[in-house]
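# Understanding the architecture of this molecule
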Amino acid sequence: MREVGGSSLNSKFGCSILEIRRNIKLISVIIIISLVGYYFLIPKYNIVQLLGAGATFPYPLIFKWTQEFRKIYPNITVNYQAIGSGGGIRAIIEQTVDFGASDVPLNNKEFEEARKKGTILHIPETIGAIAIVYNIPELNGRLKLSGEVLADIYLGKIAKWNDPRIASLNPGLNLPDQDIIVVKRSDGSGTTYIFTDFLSAVSEEWKTLIGPTKIFDFPDNIGDRGIAAKGNQGVSGVIQQNPYTIGYIELAYAIQNNFPVALIRNKDGYFVEPNITTIQAAAAGIVQQLPKPWDSWENVSIVYAPGKLAYPLSSLSYILVYAEQRDYRKCLALKKWLSWIVTEGQKFAEELHYVPLPQEIIQLDLLAIEHIRYLGEISSLNGSIKWYNDVITCFLFSQRLEFVI
Amino acid sequence: MRFSFDKLFKLITLIFGVFIIVLVIIIFYQLFINSLTALRAFGINFFLGKVWSPVKGIFGALPFIYGTLLTATIALLIAFPLSIGIAIFLTEIAPRVLREFLTTIVELIAAIPSVVIGLWGIFVLAPFVRDYLQPFLAYFSFIPFFTGRTFGLCYLTAILVLIFMITPIMTSIFREAFRNVPADLKEALYALGATRYEVIRHVSIPYTRTALAAGIILAYGRALGETLAVTMVIGNMPAITLSLLSPGYTLAAVIANEFLEATDRLYISSLIGLGLILFIISFVVNLIGTLILRRLSR
Amino acid sequence: MIIRKIKDKLFTLFAIASFIIVSLPLFHIILTIIVNGIGAINLEFFIALPNPPGVPGGGIVNAIEGSIILVCLTMLISFPIGFFGGIYLAEYGKGPLAETVRNLTNSLSGIPSIVAGIFSYTLIVIYFGFSALAGAIALSLLAIPYIVRTTEEALKAVPNDIREAGLALGLPRWKVTLYLVVGAAKPRILAGTLLAVARIIGEAAPLLFTAFGNPFYTYSIFEPTDALPLLIFNYALSPYPDWHLKAWGAALVLIIIVLSINLTVKYYVQREGK
């Protein structure tokens with residue numbers, strides 16, 4: 001029997017050298033792909049990526065921080081995805097991320113759940129506020145609202161912009177005879193929590209019907225005048241594109257998109273707008289009463305705070321992180337990152353319309369960061385990485401063996 | 001020596017083939033196991049419950065099943081005649097020289113990624129529906145389908161998007177089928193003096209019954225499972241209502257929106273349960289379609 | 001008689017109208033993307049990492065790198081499975097087992113992309129975290145049925161003469177299949193694989209909770225990564241106009257890639273057919 005392509009150099013397996021030569025292109029392609037693949041498979045010693053997820057509110061600030069931080073420590077990248085406070089809490093409890101971010105502290109149920117896996121720390125990284133924004137194209141001035149009126153708008157009891165209760169707060173404004181389109185968040189949101197926390201403080205009816213919550217359904221009275229949108233982004237988009245809407249978004253988003261922001265009546269009876277001064281005034285009272293970072297922060301709230309200048313819809317924003325870390329590199333990087341953002345990073349806050357932390361909170365945060373520690377032995381700086389990976393990477397890609405921060 | 005290599009080769013391919021069966025089983029298993037919490041908590045009410053409230057911890061899938069079936073079915077009803085029309089156009093009416101080119105145009109629609117269609121949907125189609133279509137439809141508001149106000153993000157926009165996406169699927173199957181109608185059957189009728197419409201109606205369509213059915217079912221499966229384009233334009237509010245101008249929700253859209261943020265075990269499990277429902281629905285529909293197509297080729 | 005003629009004319013009109021109704025949005029979409037996206041295209045767009053919102057400039061190179069990584073990884077996983085599975089169905093594909101495989105493959109081809117994402121989440125992300133690997137596995141679920149079907153049809157289209165000739169020359173069965181038949185079907189298999197690539201490069205739903213997104217370069221498949229469609233989705237839903245512009249730009253890039261692949265394949269297949 002003749003063999004196709006055969007020669008006298010038949011090997012045991014019926015393949016001839018000619019066939020191997022024919023396949024040299026294929027083989028070399030496979031080798032190149034394997035090398036590239038191996039590069040992507042091996043862990044990199046001198047690059048660490050920290051994962052964070054959570055609130056959409058601090059996203060512009062945190063993103064700026066990750067960029068600036070990388071300029072100083074080029075081999076630490078921080079990857080933060082804004083999926084909502086609810087998502088951030090879930091992610092840190094499930095430990096699919098290294099730190100979570102939320103506008104609302106863990107409630108008791110979440111705190112218990114988190115505690116099963118270790119010591120959860122609350123680290124406030126910035127202070128912000130919710131702006132009540134609206135889109136009334138023809139309005140000739142700035143809208144003033146009180147908490148009670150706002151609550152009734154969201155309860156559906158005030159349905160038109162020229163309702164007498166709104167008009168009485170806004171003499172001289174040409175409120176149109178149009179339905180109020182009410183916008184809320186469709187996702188589990190710290191922003192919603194702060195907003196509903198405020199409504200619960202000013203309206204008994206809201207408190208009993210809905211209460212402070214990360215997500216709520218529109219009461220029946222809203223009818224077809226309600227829209228749900230995803231993220232601060234979604235709400236901004238809906239309000240931009242639809243007239244006669246009203247909604248609640250984080251202040252930074254409102255300023256960036258030049259939305260008209262309503263003046264809200266605070267606990268002392270003054271109509272204030274959200275800005276650095278008014279938010280700082282709201283936070284001034286709480287700094288003495290903050291719990292230790294490893295305790296429950298369930299009752300911490302600066303919503304509807306007393307003070308002439310206080311803006312009633314202010315809130316701390318928290319980073320949530322476990323004190324016990326199981327990866328040495330990540331532990332070092334995490335501590336560097338967190339220390340930087342609560343100290344150096346604060347200087348970037350104001351230009352992005354976030355409020356820098358007062359000194360007391362910075363001290364509290366640094367105390368918390370000191371408590372983050374690596375569990376386990378440090379036999380070599382490379383932790384548990386296999387030795388042959390060291391050799392091969394060093395040989396092929398000339399990476400430095402030691403982890404440099 | 002060589003024999004064992006033959007058997008080895010067959011074994012390797014067999015393993016990969018069977019792997020696919022194993023894969024499907026694993027998918028079912030994973031989805032089922034992870035939705036047990038919800039299924040145990042609600043029982044049959046998970047499928048029939050009308051309320052989906054993460055606040056109260058009550059999760060009923062009915063609004064989403066309704067939304068998915070509503071959008072897919074109406075889209076199918078409108079896309080089907082359109083596809084037949086286009087298929088006929090491409091096989092009989094269009095000038096022979098242009099046929100390849102025009103066919104390519106229709107097939108390119110299928111190539112556009114879902115997220116790009118969604119992008120166009122949010123920024124172009126939704127405002128169009130809000131500003132032009134809805135005032136036009138307001139004249140017909142006695143029909144329960146068209147009542148109410150809209151912000152452009154509603155069932156109707158989602159349906160329009162779905163029609164656009166599933167038409168190419170049906171068109172290519174129908175086009176193949178119409179091309180394979182034996183010419184002598186058609187010529188016989190033409191010889192008797194029939195018009196093109198009559199030939200199509202009395203010969204082409206009955207002859208291609210099975211292909212038409214298969215195309216419908218495959219397109220339906222696609223419409224049921226379409227995620228991104230629908231999520232971006234549907235309005236994100238569970239609503240069991242006949243009004244197409246109301247914002248709505250489908251199984252795929254709610255999962256895409258809420259999955260990452262569900263904070264407690266029950267919520268996550270319910271969302272995975274929705275995924276299970278969606279998987280079963282589309283799996284069964286596709287299975288039926290494949291079996292019909294298989295019968296067609298016998 | 002007249003009525004019949006009218007019905008005929010109406011039907012012709014309807015057919016033409018259907019074509020126009022469905023192709024108009026296509027042109028409009030492509031036009032909109034070009035018009036809106038061209039403003040974002042410059043060198044920086046392809047080379048730079050994203051800037052925070054409000055800071056002008058920046059680019060989407062993270063998404064481009066991510067898409068490349070995901071496509072390569074997905075093809076690495078799904079091509080062998082699809083290829084050998086297709087060979088099994090085409091060459092050894094008789095009997096109830098093969099029938100089941102065939103039917104299940106086709107049913108799997110209809111899997112909603114979000115369900116693929118959930119599956120990968122429950123299996124991979126919970127244990128390995130958000131990663132390009134998780135994203136690739138989700139995308140593989142979409143690609144495998146496609147490649148199986150393409151391979152099977154391509155192999156079946158090879159006339160039996162080739163197989164018989166090979167066997168008559170004394171080649172073992174496996175060589176006949178692997179070298180001769182596959183060799184003859186290579187163009188079609190390649191075409192099908194390219195179409196699968198075009199399909200998965202545009203999928204974002206499976207990546208929502210697997211690949212997670214990443215504003216920096218990705219260095220490992222065990223890390224999260226961004227991708228073109230994922231970036232489009234996130235940027236489109238953001239409130240920043242400069243990010244909207246980037247979303248259109250990314251959509252333009254994506255659509256150019258996808259349409260080029262499709263048109264190339266079509267042209268190639270046409271040439272082979274002649």
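Structure first, text after, so check above.
I will try to describe carefully the structure that is included in this document.

Helix and strand counts for chain C come out as 10 helices and 0 strands. Its helices and strands taken in sequence order, chain C reads α-α-α-α-α-α-α-α-α-α from the N to the C terminus. If one aligns the C-alpha atoms of chain C with their principal axes, the spans along those axes are about 70 × 70 × 35 Å. A total of 274 residues make up chain C; the buried ones form 62% of that total. Looking at chain C alone, contacts between residues at least 24 apart form 74% of all its contacts between residues at least 6 apart.

Residues and elements named next belong to chain C. Between helix 7 (residues 160–168) and helix 8 (residues 173–201), the shortest axis-to-axis distance is 10 Å and the interhelical angle comes to 140 degrees. When the interaxial angle is binned, helix 7 and helix 8 end up oblique. Between helix 7 and helix 8 lies a crossing of right-handed hand. Residues I162, R163, G166 and L167 of helix 7 form the contact with helix 8, whose own contacting residues are R173, V176, L180, V181 and A184. Grouping the amino acids of the contact of helix 7 with helix 8 by side-chain chemistry returns 6 nonpolar, 1 polar and 2 charged.

As a further point, take the sheet that holds strand 2 (residues 76–82) of chain A. Residues and elements named next belong to chain A. Pairing is mixed across the open sheet formed by 8 strands, whose spatial order is 2-1-3-11-4-8-6-7. Two strands in the sheet have a free side with no partner beyond their single neighbour: strand 2 and strand 7 (226–229). On average, each strand axis in the sheet is tilted by 25 degrees relative to the strand beside it, whichever way the strands run. Sheet topology note: the strand 6 (residues 181–185)/strand 8 (residues 245–250) ladder contains 2 bridges and is parallel. If you follow V182 over to strand 8, its bridge partner there is I246. Contacts from helix 8 (residues 190–202) reach strand 4 (120–135), strand 6, strand 8 and strand 11 (314–322), with the element oriented near 115 degrees to strand 8.

Attention now goes to the sheet that holds strand 5 (residues 144–145) of chain A. The pairing of strands in a sheet comes from backbone hydrogen bonds and takes either a parallel or an antiparallel form. All names here are of chain A. Strand order in this open sheet of 3 strands is 5-9-10, and the pairing throughout is mixed. Sheet topology places strand 5 and strand 10 (271–272) at the edges, where each strand pairs with a single neighbour. Relative to strand 9 (residues 263–265), strand 5 runs parallel, the two being bridged by 2 bridges. Looking across to strand 9, one finds that K144 is bridged to L263.

Moving on: the packing of helix 5 (residues 114–137) of chain B against helix 1 (residues 2–37) of chain C. Closest axis-to-axis distance for the helix 5 of chain B/helix 1 of chain C pair is 11 Å, and the angle between their directions is 85 degrees. Viewed along their axes, helix 5 of chain B and helix 1 of chain C adopt a mutual orientation that is roughly perpendicular. Contacts from B:V116, B:I117, B:W120 and B:V124 of helix 5 of chain B reach helix 1 of chain C at C:P25, C:H28, C:I29, C:T32 and C:I33. Here the contact of helix 5 of chain B with helix 1 of chain C is built from residues that sort into 7 nonpolar, 2 polar and no charged.

Next up on the list: unusual backbone geometry. All names here are of chain A. Positive phi is not limited to glycine here, since Y244 has a value of about 70 degrees. With respect to the secondary-structure elements, Y244 resides in the loop between helix 10 (231–241) and strand 8. Look at Y244 and you get buried, because its relative accessible area is 16%.

Calculation notes
- Residues numbered from 1 in each chain as written.
- Chains lettered and ligands numbered in written order.
- Predicted model: local features only at pLDDT ≥ 70, side-chain atom pairs only at ≥ 80, totals over all residues.
- Heavy atoms only, no water.
- Helix = DSSP H or I, 4+ residues; strand = E, 2+ residues; numbered from the N terminus.
- Buried < 20%, exposed > 50% of the residue type's maximum accessible area, 1.4 Å probe, protein only.
- Contact = heavy atoms within 4.5 Å.
- Axes fitted to C-alpha atoms, helices over the stretch in contact; angles between N-to-C directions.
- Parallel < 35°, antiparallel > 145°, perpendicular 65-115°, else oblique.
- Left-handed = near helix turned anticlockwise from the far one by under 90°.
- Nonpolar A, V, L, I, M, F, W, Y, C, P; charged D, E, K, R; others polar.
- Pairing = 2+ DSSP bridges.

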